[in-house]
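Summary of structural features
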Amino acid sequence: MMEVIEKVLTKNGLLFAFLFVGFIMLISYWLSKKLTRNKIPGVAIAILIGLALALLGDKKGIADIPLFAGMALLGGSMFRDFSVVATAMGADLEKIKHAGLAGVIALLVGVFFSFFLGVAIAYAMGYSDSVSLATIGAGACTYIVGPVTGGALGASSEVMAISIAAGVVKTIVATIGTPLVAKAISLDNPHSAVVFGGLIGTTSGVAAGLAATDPKLVPYGALTATFYTGLGCLLCPSVFYFILKMLVG
Amino acid sequence: MIIYGVALLAFCFLVGKILGSLLGLAIGVNGDVGGVGFAMILLMVINLYLKKKGWLKTETTKGILFWSSMYLPIIVAMASTQNVKAAISSGPVALVVGAVVTITAFFLVPLIAKIGRKEQNA
C-alpha cells in the first residue's frame with residue numbers, strides 16, 4: 001500500500017509539490033500568528049522552513065529525494081520567472097520611470113562593489129592569484145556569475161565551488177536579512193526597492209527577501225535584479241578581471 | 001476567459017526571454033540578460049493599453065493575478081531546492097564573502113536611493 005501511494009506521489013511530482021508547499025504555508029502562517037503574534041511574517045517563516053528542508057538533500061536541496069523531485073519544478077526558474085513577471089500587474093510604471101536612473105546606478109555600483117569587496121576579502125583570507133580572486137569576487141555577485149567567470153578564466157574546481165557557495169550564501173543572507181534591516185535602510189517604497197534589486201542582484205534572494213518584507217515591493221526589486229547576473233557575467237571576466245590583474249599582477 | 005490572461009502572460013514572458021537571450025548573444029554573454037525585466041515592462045505596457053481601450057475583462061486579469069499570487073509559494077519551493085548544505089560546508093571564505101558583501105550592500109541602499117531622489121525632485 002505504501003508503495004502504491006509513493007508511486008502516485010512521485011509520478012505526479014508537481015501536484016504533490018503544490019500540496020506540500022500549501023502545507024508548509026499553512027504551518028508557517030499558523031506559527032506566525034500563534035508564536036510571534038504576526039511579528040515575524042508567515043512568508044519569512046515559510047522561507048526559513050524551506051531553507052531548512054533543503055538540508056535534507058544536496059545539490060538540489062529537498063528535490064534530491066525522489067518523492068520531492070516536483071519541488072525543483074515548482075521552485076525552478078520557469079515558474080519563478082513566470083510568477084515574477086505576473087507581479088508586474090501590480091506595479092506602477094510611473095514609479096519605475098522615476099526610479100530608472102537610480103536603478104541603473106545601483107546595478108553598476110552593485111556589481112562593481114560586490115566583485116571588488118569579494119576580491120578584497122578573498123585576498124585577506126589568503127588567495128593571491130588573479131584568477132582565483134576574480135572567480136571568488138564574481139561569486140560575490142551571484143552564484144551564476146561566479147562559475148561563468150571561473151569557467152572563462154580557467155579557475156580550479158575548488159575555487160569554483162567556493163565562488164558558487166559565496167553566491168548561495170548571499171542569496172540566503174538576503175532572504176533572511178532583508179526583513180530584519182528593511183526599516184534601518186528605509187526599504188519601504190518602490191524607489192528603494194528598485195535600488196535594492198540593483199545592489200543585491202541575486203534574483204532569488206531579492207525576490208524572497210522582499211517577499212518576506214513587503215510583497216508589494218517584489219516587482220520593483222525583481223525588475224532591476226534581472227539585469228544584474230547578465231551584467232556581472234559581462235563585466236567580471238573582462239573589464240573587472242583586467243583591472244584586478246593590473247592591481248595584483 | 002481566464003486562459004486569455006494566462007496566454008497574455010505567457011506571451012510577455014516568452015517575448016521577454018527571447019529579447020533577453022538576444023541581448024545576451026549581442027553582448028557575448030551566453031544566457032538571458034534582463035529577460036524578466038523586458039517581460040515585466042511589456043506586460044505593464046500592454047496592460048495599460050488594454051485598460052485604456054476598455055478591452056481588459058476581469059476574467060482575463062484573473063488569469064494573471066492567479067500566477068502573481070502563486071509567487072510566494074513558488075519562492076518557498078525555490079528556497080527548499082537551494083544547495084544550502086554546500087553553502088554551509090564549503091568553509092569560511094564563502095561564508096564570509098557572501099555574508100559581508102550582502103550586509104554591506106544593504107547599507108548602500110539608502111545612499112543610492114537618495115541620489116535618485118534628488119534627481120527626481122530637481
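Just so you know, these numbers come straight off a predicted model, no measurement behind them. (Residues numbered from 1 in each chain as written. Chains lettered and ligands numbered in written order. Predicted model: local features only at pLDDT ≥ 70, side-chain atom pairs only at ≥ 80, totals over all residues.)

With domains assigned, chain A is organised as domain 1 (2–75) and domain 2 (92–248). Between the C-alpha centres of domain 1 of chain A and domain 2 of chain A the distance comes to 27 Å. (Domains from an automatic or database assignment.)

All right, on to the interface of chain B and chain A then. With 68 residues of chain B at the interface, the matching set in chain A holds 92 residues. Put simply, the parts of the chain that give the side of chain B that touches chain A at least two residues each are α1 (2–26), α2 (35–53), α3 (58–69), α4 (71–80), α5 (84–89), α6 (92–106) and α7 (109–121) of chain B. Per-element tally for the side of chain B that touches chain A: the top contributor is α6 of chain B, with 14 residues. Tallied by class, residues from the side of chain B that touches chain A come to 46 nonpolar, 19 polar and three charged. (Contact = placed C-beta atoms within 7 Å. Helix = DSSP H or I, 4+ residues; strand = E, 2+ residues; numbered from the N terminus. Nonpolar A, V, L, I, M, F, W, Y, C, P; charged D, E, K, R; others polar.)

A few words now on helix α5 (residues 77–86) of chain A. Extensive coverage of α5 of chain A is indicated by the burial of eight of its ten residues. Of all the positions in α5 of chain A, only Phe79, Arg80, Asp81, Phe82, Ser83, Val84, Val85 and Ala86 of chain A are classed as buried. (Buried ≥ 20, exposed ≤ 12 C-beta atoms within 10 Å, placed from the backbone.)

Note that Phe113 of chain A resides in helix α6 (residues 93–124). A sequence separation of 27 residues divides Phe113 of chain A from Ala140 of chain A, and the C-alpha atoms of the two residues are 9.3 Å apart.

Their axes nearest at 9 Å, the elements α5 of chain A and α2 of chain B cross at an angle of 35 degrees. Here α5 of chain A and α2 of chain B pass one another in a crossing that is right-handed. Of the residues in α2 of chain B, those in contact with Asp81, Val84 and Val85 of chain A of α5 of chain A are Val36, Ala39, Met40 and Leu43 of chain B. Considered class by class, the residues forming the contact of α5 of chain A with α2 of chain B number six nonpolar, no polar and one charged. (Axes fitted to C-alpha atoms, helices over the stretch in contact; angles between N-to-C directions. Left-handed = near helix turned anticlockwise from the far one by under 90°.)

This brings us to the nonpolar core. If you look at the biggest cluster of nonpolar residues, it comprises 119 residues, and the most contacted ones within it are Ile47, Val85, Ile136 and Cys236 of chain A together with Ile75 of chain B. Per-element accounting of this core gives the leading share, 14 residues, to helix α12 (residues 218–248) of chain A. In this structure Ile75 of chain B touches Ile47, Ala207, Ala208 and Ala211 of chain A, once residues within four positions along its chain are discounted. (Core = buried A, V, L, I, M, F, W, Y, C linked by C-beta atoms within 7 Å.)

So, on to the domain arrangement of chain B. Looking at the assigned domains, one finds that chain B contains domain 1 (1–82) and domain 2 (83–122). Domain 1 of chain B and domain 2 of chain B are separated by 27 Å when their C-alpha centres are compared.

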